[in-house]
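So the chains spell out like this:
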Amino acid sequence: MTTDTDPQQRLTGIGVSPGQAAGPVVAMPAPVAEPPVGATLAEGLDAEQAAEQIAAASSRAQADLREAASRASGAGKEVLETTAMMAADPSLVSAAQALVRGNRLDPARAVWQSAATVIEQLSALGGYMAERTRDVADVRDRIVAALTGQLPPGVPDVDHPFVLVATDLSPADTATLDPARVLALVTSEGGPTSHTAILARALGIPAVVGTAGATAIPDGTVALVDGTAGTVTLDPTPEQVAHAAALAARVRTFDGTGRTSDGHRVPLLANVGKPEGAQAAADAGAEGVGLFRTEFCFLDRTDAPSVAEQVAQYRQVLAAFAGKKVVVRTLDAGADKPLPFLTSTDEPNPALGVRGYRTSWRNPEVLEDQLTAIAQAAAAETADVWVMAPMIATVPETAAFVERCRAHGLSTAGVMVEVPSAALQSGQILAHAAFASIGTNDLTQYTMASDRMLGELATLSTAWQPAVLQLVAATCRGGAQNDRPVGVCGEAAADPALAVVLVGLGVATLSMTARALPDVAAVLGSVTLATCQELAALAVAADSAEDARRTVRSRLPLLEELGL
Ligand code: PEP
Ligand code: MG
């Protein structure tokens, strides 16, 4: 795209998952287009042959899905296997073939129309069946793509590592991201604390979101993605590529003790989603779990999990952290993490709706069961179990939650501070709660009134915003008044420069994706507590998030040395 003498073309966005990687760009395919309404077979074409094409296209789609599932792992494998099963159901194919034979409809149009009928029927049944409409649409798109020569939907199945460029990724696409093939991720939309960004970080894939012009990069162009700086350099020089590879090859580890250079202890903990990730977090040196997102165990469930099922899942995490602290968060259902058995789908503003702790107003038995399960799991394991509720907004909510935990023998009960009202009332809240953990992702969303899912608002959606830092400081003051610890478990804790600021503001523990532990530990270990406090004061006093970030980063030389 550029010659040796051209200035390099560099796109900028928001870096959401650190690290650098270079490779050829592969774009997510455009959505499969709907075949024209009423399209029929051309005169002279044999309807029987056309009907056979549908069966052949369906077989191809099934084979592709099974192939992809056999190579995938974890959640991605499950998604692909479910879709492959759906593709094997003969009813869609036979309904479409009937339309071709009976009405001489064009095969692609016939598939589209038959799928519409199936989707309508499943939607009417509600519950689990309604959730399968997404799979039917996916199968429809794959068959139509095969019939019309379009690219199949989803993460492209190419046989070499690549930089994936997309407008944004759906949860199903995200689940099929394979870090062995996707070197880096660039999106033109998508917010910095969306679950796409969180997953990219957990997988260790450098990612830049909100990148204007990303979708215009031609396939095959070599791009160097810097997920720390938030830049995408097209046609990088061999030296730049070599530098990125050298940085990526540098393996950093965490010795299991977070501290500043003058020995101020800051325990570094891990965020855990699915229980399977707990052992890896323990192996990475995490001093405990600062956030166990329990809703991740039950995202695809239409009915509430039984107490026994929950105990089995929770014990897996507690067992990986025997004798260590594990903060279990009660179900944070709603908004971007709907749980069909707990949240309704018809709220106009789900992020401001009945989510998190609020779901227990309507379904108190679900919280009761969960607390019963957590208590049983805690009794069976040796981990030091702390419990906290998400989306707490008031003092009475805190008192009620702590009381319910006590009734189950769970004595270390705390709250997440994610709503500005909770930060402002942290003094009273922490008179009841044993601890607070600041969810900076949501605290930023609600402070800045900017949807965390929207890439367009990415410059607002950052915990570097001085207003967010002021609320962190207010929460720490509330903690100090009551001699209660305040931690941070939002994505801010995984940004080494911001981690330094948070410690300077009085945050006692930092919880993050296990992959961020070595970087945060290294940078924190390069400064004294007094420096943390100085940098925190500068950040809070800054006029803008960008100023705060620039000022703090310019005073942390280790960042550049480590390529962070
Ligand atoms: C947060 O909001 O910062 C948080 C940790 O919770 P989640 O990202 O799961 O909403
Ligand atoms: Mg949250």
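Given the structure is predicted, the values throughout are model-derived calculations rather than measurements.

1. Here's the deal with the overall build of the chain
Right, so step 1: Within the chain, the secondary structure is distributed over 23 helices and 16 strands.
Right, so step 2: For the C-alpha atoms alone, the extent of the chain along its principal axes is close to 85 × 65 × 40 Å.
Right, so step 3: Burial analysis of the chain (564 residues in total) assigns 54% to the buried set.
Right, so step 4: Total accessible area on the chain stands at roughly 23,200 Å², and carbon and sulfur atoms take up 55% of it.

2. Some details on helix α22 (residues 545–554)
Right, so step 1: All buried positions along α22 are accounted for by A545, A548 and V552. In an axial view of α22, the angular spread of the buried residues amounts to 65°, which keeps them on one side of the axis.
Right, so step 2: The inward-facing, buried residues of α22 abut α18 (466–482), α19 (496–505) and α21 (529–541).

3. Description of the sheet that holds strand β4 (residues 162–166)
Right, so step 1: Read across the sheet, eight strands follow the order β1-β8-β7-β3-β4-β5-β6-β2 without closing on themselves; strand pairing throughout is mixed. What marks the edges here is a single partner per strand, and that holds for β1 (10–12) and β2 (14–17). Sheet twist, expressed as the average angle between the axes of neighbouring strands with direction ignored, equals 30°.
Right, so step 2: In the packing of helix α9 (residues 238–249) onto the sheet, the strands contacted are β1, β3 (20–27), β7 (222–226) and β8 (231–234), and the crossing angle to β3 comes to about 115°.

4. Some thoughts on the site of ligand 1
Right, so step 1: Every one of the 15 residues lining ligand 1 counts as a neighbour, but R293, R329, K337, E418 and N441 are closest to it.
Right, so step 2: Interatomic distance of 2.8 Å between a side-chain N/O atom of R293 and an oxygen atom of ligand 1.
Right, so step 3: G439 is positioned with one of its backbone polar atoms (N or O) 3.4 Å from an oxygen atom of ligand 1.
Right, so step 4: Relative to its free-state accessible area of 280 Å², ligand 1 is covered by the protein chains to the extent of 100%.
Right, so step 5: Listed by contribution, the elements that provide at least two residues to the shell around ligand 1 are β10 (288–293) and α17 (440–448).
Right, so step 6: In terms of residue count, α17 provides more of the shell around ligand 1 than any other element does, three residues in total.

5. Topic: unusual backbone geometry
Right, so step 1: If you check the backbone angles, M391 has positive phi at about 60° while not being a glycine.
Right, so step 2: Tracing the chain through its elements places M391 in the loop between β12 (384–389) and α14 (395–407).
Right, so step 3: A positive phi angle is found at D483, which is not glycine, with a value near 55°.
Right, so step 4: Relative to the helices and strands, D483 is located in the loop between α18 and β15 (486–488).

6. A few points about the packing of helix α4 (residues 107–125) against helix α6 (residues 133–148)
Right, so step 1: Relative orientation of the contacting elements α4 and α6 amounts to 180°, with a least axis distance of 10 Å. Judged by the inter-axis angle, α4 sits roughly antiparallel to α6. Contacts between α4 and α6 involve P107, A108, V111, W112, A115, V118, I119, L122 and S123 from the former and T133, V136, A137, R140, D141, I143, V144, L147 and T148 from the latter.
Right, so step 2: Split by residue class, the contact of α4 with α6 holds 13 nonpolar, three polar and two charged.

7. Brief notes about the packing of aromatic side chains
Right, so step 1: The final tally for this structure, using the stated rule, is three aromatic pairs.
Right, so step 2: A ring pair is formed by F292 and Y314, whose centres lie 5.8 Å apart and whose planes are at 85°; its orientation type is edge-to-face. Of this pair, F292 sits in strand β10 while Y314 sits in helix α11 (residues 307–320), and the two are 22 residues apart along the sequence. Like Y314, F292 is buried.
Right, so step 3: Ring centres of Y357 and F401 lie 5.9 Å apart, and the angle between their planes is 85°; this geometry places the pair in the edge-to-face category. Within this pair, whereas Y357 is found in the loop between β11 (325–329) and α12 (359–362), its partner F401 is found in helix α14, the two being separated by 44 residues in sequence. F401 shares its class with Y357; the two are buried.
Right, so step 4: The ring of W386 has K325 sitting right over it, with the charged end atom 3.9 Å from the ring centre.

8. Quick word on the coordination of the magnesium ion (ligand 2)
Note on metal sites: the ideal angle is 109.5 degrees for four tetrahedral donors, and 90 or 180 degrees for six octahedral donors.
Right, so step 1: Coordination of the magnesium ion (ligand 2) by the protein comes from E418 (OE) and D442 (OD), over a distance range of 2.0 Å. Residue E418 is located in the loop between β13 (413–417) and α15 (420–424), and its partner D442 is located in helix α17; the two are separated by 24 residues in the primary sequence. Of the two residues, E418 and D442, neither departs from the other in class, the shared state being buried.

9. Re the pairing of β7
Regular strands place their side chains on alternate faces of the sheet.
Right, so step 1: In terms of burial, β7 is a largely internal element, four of the five residues being buried.
Right, so step 2: The pairing of β3 with β7 spans five bridges and is antiparallel. Among the inter-strand pairings, P24 is bridged to a residue of β7, identified as V222.
Right, so step 3: Here β7 pairs with β8 via four bridges, running antiparallel. Bridge pairing in β8 places D226 opposite T231.
Right, so step 4: Here β7 folds back onto β8 in antiparallel fashion, the turn holding four residues, of which G230 has a positive phi close to 75°.

10. With respect to the domain arrangement of the chain
Right, so step 1: Annotation of the chain at the domain level lists domain 1 (2–28 + 155–249), domain 2 (47–148) and domain 3 (268–562).
Right, so step 2: Taken over C-alpha atoms, the centre of domain 1 sits 31 Å from the centre of domain 2.

11. Structural notes on the sheet that holds β13
Right, so step 1: An order of β9-β10-β11-β12-β13-β14-β15-β16 is seen for the eight strands of this closed barrel, with the pairing classed as parallel. Taken pair by pair, the neighbouring strands of this sheet meet at an average axis angle of 30°, ignoring direction.
Right, so step 2: Here β13 runs beside strand β14 (residues 436–438); their pairing, made up of three bridges, is parallel. Residue pairing in the sheet places V415 in a bridge with A436 of β14.
Right, so step 3: Here α11 sits on the sheet and contacts β9 (268–272), β10, β11 and β12; the angle it forms with β10, its principal contact strand, is near 160°.
Right, so step 4: Running at roughly 155° to β9, helix α20 (residues 517–524) makes contact with β9 and β16 (509–512) of the sheet.

12. Some words on the pattern of salt bridges
Right, so step 1: In this structure the tally under the stated criterion is 20 salt bridges.
Right, so step 2: In this structure, D178 engages R181 in a salt bridge whose closest nitrogen and oxygen atoms are separated by 3.9 Å.
Right, so step 3: Here R181 falls in the buried class, since its relative accessible area comes to 18%.
Right, so step 4: For the salt bridge of R265 with E287, the shortest nitrogen-to-oxygen distance reads 2.5 Å. Separated by 22 residues along the polypeptide, R265 in the loop between α9 and β9 and E287 in the loop between α10 (278–283) and β10 bring together distant segments of the chain.
Right, so step 5: Residue R265 is classed as partly exposed on the basis of its relative accessible area, which comes to 39%.
Right, so step 6: Under the relative-accessibility criterion, E287 is labelled buried at 13%.
Right, so step 7: One connected set of salt bridges, linked through shared partners, spans E295, R329, D332, K337, R355, D442 and R452.

About the cut-offs
- Residues numbered from 1 in each chain as written.
- Chains lettered and ligands numbered in written order.
- Predicted model: local features only at pLDDT ≥ 70, side-chain atom pairs only at ≥ 80, totals over all residues.
- Heavy atoms only, no water.
- Helix = DSSP H or I, 4+ residues; strand = E, 2+ residues; numbered from the N terminus.
- Buried < 20%, exposed > 50% of the residue type's maximum accessible area, 1.4 Å probe, protein only.
- Areas by Shrake-Rupley, 256 points an atom, 1.4 Å probe, with all protein chains shown as cover.
- Arc of directions from axis to C-beta.
- Contact = heavy atoms within 4.5 Å.
- Pairing = 2+ DSSP bridges.
- Axes fitted to C-alpha atoms, helices over the stretch in contact; angles between N-to-C directions.
- Near = heavy atom within 4 Å.
- Polar contact = N/O pair within 3.5 Å; in protein donor to acceptor, adjacent residues only side chain to side chain.
- Parallel < 35°, antiparallel > 145°, perpendicular 65-115°, else oblique.
- Nonpolar A, V, L, I, M, F, W, Y, C, P; charged D, E, K, R; others polar.
- Phe/Tyr/Trp six-rings, centres within 6.5 Å; stacked < 30°, edge-to-face > 60°.
- Lys NZ or Arg CZ within 6 Å of the ring centre and 35° of its normal.
- Donors = N, O, S within 2.8 Å, 3.2 Å for Na, K, Ca; no water.
- Domains from an automatic or database assignment.
- Salt bridge = Lys/Arg side-chain N within 4 Å of Asp/Glu carboxyl O.

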